[in-house]
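Summary of structural features
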Number of protein chains: 2
Amino acid sequence: MNLFDVSMPIHVGMTVYKNKPEKLPRLEVTSDFATQHVHETRICMDAHCGTHIDAPLHMLPGGKASETLAPNQLMRHCRVLDLTGVSGGIQTDDLLLQAIQTGEFLLFKTRNSWDEKFNSDFVYLTEDGARYLANIGVSGVGIDALGIERSQPDHPTHKILFQQGAYIIEGLRLRDVPPGTYQMIALPLALHGSDAAPARVVLTSMSNAN
Amino acid sequence: MNLFDVSMPIHVGMTVYKNKPEKLPRLEVTSDFATQHVHETRICMDAHCGTHIDAPLHMLPGGKASETLAPNQLMRHCRVLDLTGVSGGIQTDDLLLQAIQTGEFLLFKTRNSWDEKFNSDFVYLTEDGARYLANIGVSGVGIDALGIERSQPDHPTHKILFQQGAYIIEGLRLRDVPPGTYQMIALPLALHGSDAAPARVVLTSMSNAN
């Protein structure tokens, strides 16, 4: 099995959104071998830390929470799009040539995948691009940045996608993944009541070449 | 696709080991719509909360940490054993009739799966049973309790399994899963440096009946 782990490693020195220190994960050792027979750790982390799946509650008052992120809808085909030529925002024009179909789940591979640190100019999906994808009726989108949008008052990209029922995966690592079609397995923690859930996401090659 | 989600929901009122309040997960809302445009949550939880995969560091000084829990070894066939007739500890005698093979990954379905609250008499794997499985050379074991062992000084069950290189999954929910062979997908968070990682675990039916 050819497997790509497209998840960000979670550790205390990892990249977090806008480098805000309060968003860093914290691992507290609650028991170690100096005084006990077992080693145990408690984790504190933002629901939006590392690779994660947003729930509509993140942006929509009264929106659905993380328990509605359904594994059977997140284990499916997806397509990794080569958008490494885009700088700034992904527009309709950047998507037109991709022959996107209703129901597709798209992962955007951009120049973000080469960023070693948080880049405040990360490539994102514009309101215009989100509206184009919502009109087609995609099942979900994923991006190799910690946000699907930036610097847009009122967060139209998130809202347009959520209102259409699309999933949003943020914090993917796609540098080593050739564009093409894959089997995606994106499993969020079974967290209830949150606006997002940290997730492990892997891609495996399809049996038929693309 | 016939999919069984065998993960425990993670929420503030969930069952934790020995009902210790300090082991309860905590969800802190760090931003909501009363004052902000986004809803954000920070999670604090034990690495051994809910469904999780132990790393050798949990019991072995200098043992491997959670970053070594490898997705490609946790996406594989497994067999759900019917051990619902066992009370107390699972012994070699309970396993002899199961025709267990080298390399198998076994999930123990016991009467624990019907417990609504923490049961201090939960069914566990004895030292004797662990030694039997290690000698066969199983790849891993999973159980429908928050611990694979209990009331054994020095934790021999964990240590025997870890020393043999077997994975240990705890906190499964198997009540609705008929015994038999499945495709297991057990994806831990990509957590580095911890003695365990919370995981989402699903089972899908095999294309060939068993």
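No experiment lies behind these values; they were computed from the predicted model shown.

Rules used throughout
- Residues numbered from 1 in each chain as written.
- Chains lettered and ligands numbered in written order.
- Predicted model: local features only at pLDDT ≥ 70, side-chain atom pairs only at ≥ 80, totals over all residues.
- Heavy atoms only, no water.
- Disulfide = S-S within 2.5 Å.
- Buried < 20%, exposed > 50% of the residue type's maximum accessible area, 1.4 Å probe, protein only.
- Pairing = 2+ DSSP bridges.
- Helix = DSSP H or I, 4+ residues; strand = E, 2+ residues; numbered from the N terminus.
- Least-squares fit on C-alpha atoms with pLDDT ≥ 70 in both.
- Contact = heavy atoms within 4.5 Å.
- Axes fitted to C-alpha atoms, helices over the stretch in contact; angles between N-to-C directions.
- Phe/Tyr/Trp six-rings, centres within 6.5 Å; stacked < 30°, edge-to-face > 60°.
- Core = buried A, V, L, I, M, F, W, Y, C linked by side-chain atoms within 4.5 Å.
- Parallel < 35°, antiparallel > 145°, perpendicular 65-115°, else oblique.
- Nonpolar A, V, L, I, M, F, W, Y, C, P; charged D, E, K, R; others polar.

**Focus on the state of the cysteines**
Residues and elements named next belong to chain B. Going through the model one piece at a time under the given rule, you end up with one disulfide over all chains. This cysteine, Cys-49, is not joined by any disulfide, and Cys-44 carries the nearest cysteine sulfur, 11 Å off. When its relative accessible area of 3% is taken as the criterion, Cys-49 is described as buried.

**Some remarks on the pairing of strand S5 (residues 75–82) of chain B**
The side chains of a regular strand alternate, residue by residue, between the two faces of the sheet. Residue and element names in this part refer to chain B. With six bridges connecting them, S5 and strand S11 (residues 180–188) associate as antiparallel partners. In the sheet register, Cys-78 faces S11, and the bridge partner there is Tyr-182. As paired strands, S5 and strand S7 (residues 105–109) are joined by four bridges and run parallel to one another. When the sheet's bridge partners are listed, Leu-81 is paired in S7 with Phe-108.

**Some words on the relation of the copies chain B and chain A**
Note on the identical chains: chain B maps onto chain A by a rotation of 180° and an axial translation of 0.0 Å, with an RMSD of 0.0 Å. Expressed as a symmetry operation, the mapping of one chain copy onto the other fits a two-fold axis. Of the C-alpha atoms belonging to chain B, the one lying closest to the rotation axis is found on Cys44(B), 2.0 Å away. Looking at the interface residues of chain B, 100% of them are also at the interface in chain A, so both copies use one shared face.

**Details of helix H4 (residues 156–164) of chain B**
Spacing of three or four residues puts side chains on the same side of an α-helix, whose turn is 3.6 residues. For H4(B), every residue scored as buried is listed here: Pro156(B), Thr157(B), His158(B), Ile160(B), Leu161(B) and Phe162(B). Considering only its buried residues, H4(B) is in contact with strand S4 (52–54), strand S8 (124–125), helix H3 (127–136), strand S9 (140–143) and strand S10 (167–170) of chain B.

**Side note on the sheet that holds strand S3 (residues 40–46) of chain B**
The four strands are arranged S2(A)-S3(A)-S3(B)-S2(B) in an open sheet whose pairing can be described as antiparallel. For this open sheet the edge positions go to strand S2 (26–31) of chain A together with strand S2 (26–31) of chain B, each flanked by a neighbour on one side alone. Strand-to-strand twist across the sheet, computed as the mean angle between neighbouring axes with direction ignored, equals 15°. Relative to S3(B), strand S3 (residues 40–46) of chain A runs antiparallel, the two sharing five bridges. When the sheet's bridge partners are listed, Cys44(A) is paired in S3(B) with Cys44(B).

**Notes on the packing of aromatic side chains**
Residues and elements named next belong to chain A. All chains considered together, the criterion is met by eight aromatic pairs over all chains. For the ring pair Tyr-17 and Phe-122, a centre distance of 6.2 Å and an interplane angle of 65° mean the geometry is edge-to-face. Residue Tyr-17 is found in the loop between strand S1 (3–5) and S2, and its partner Phe-122 is found in the loop between strand S7 (105–109) and strand S8 (124–125); the two are separated by 105 residues along the sequence. Residue class for Tyr-17 comes out partly exposed when judged on its relative accessible area of 23%.

**Some remarks on helix H4 (residues 156–164) of chain A**
Packing partners of the buried residues in H4(A) comprise strand S4 (52–54), S8, helix H3 (127–136), strand S9 (140–143) and strand S10 (167–170) of chain A. Of the residues one or two after H4(A), Gly165(A) is the one with positive phi, at around 90°.

**Focus on the nonpolar core**
Of all hydrophobic cores here, the largest spans 68 residues; its most connected members are Leu107(A), Met184(A), Leu203(A), Leu107(B), Met184(B) and Leu203(B). In this view, Met184(B) contacts Leu74(B), Met75(B), Arg76(B), Cys78(B), Phe105(B), Leu107(B), Ile169(B), Val201(B), Val202(B) and Leu203(B); residues no more than four positions away in its chain are not counted. Of all hydrophobic cores here, the second largest spans 31 residues; its members include Phe108(A), Phe118(A), Phe122(A) and Val123(A).

**Some remarks on unusual backbone geometry**
Positive phi values are uncommon outside glycine, yet Ser151(A) reaches one of about 55°. Note on placement: Ser151(A) falls in the loop between S9 and H4. For Ser151(A), a relative accessible area of 71% puts it in the exposed group. Positive phi outside glycine occurs at Ala99(B), with the angle close to 55°. With respect to the helices and strands, Ala99(B) occurs in the loop between helix H2 (92–95) and S7. Overall, Ala99(B) belongs to the exposed group, its relative accessible area being 51%.

**Comments concerning the packing of H3(A) against H4(A)**
Residues and elements named next belong to chain A. Orientation of H3 relative to H4, taken along the N-to-C sense of each, is 10°, at an axis distance of 8 Å. Judged on the interaxial angle alone, H4 and H3 are roughly parallel. Residues Glu-127, Ala-130, Arg-131 and Ala-134 of H3 form the contact with H4, whose own contacting residues are Pro-156, Thr-157, Ile-160, Leu-161 and Gln-164. Taken together, the residues of the contact of H3 with H4 sort by class into five nonpolar, two polar and two charged.

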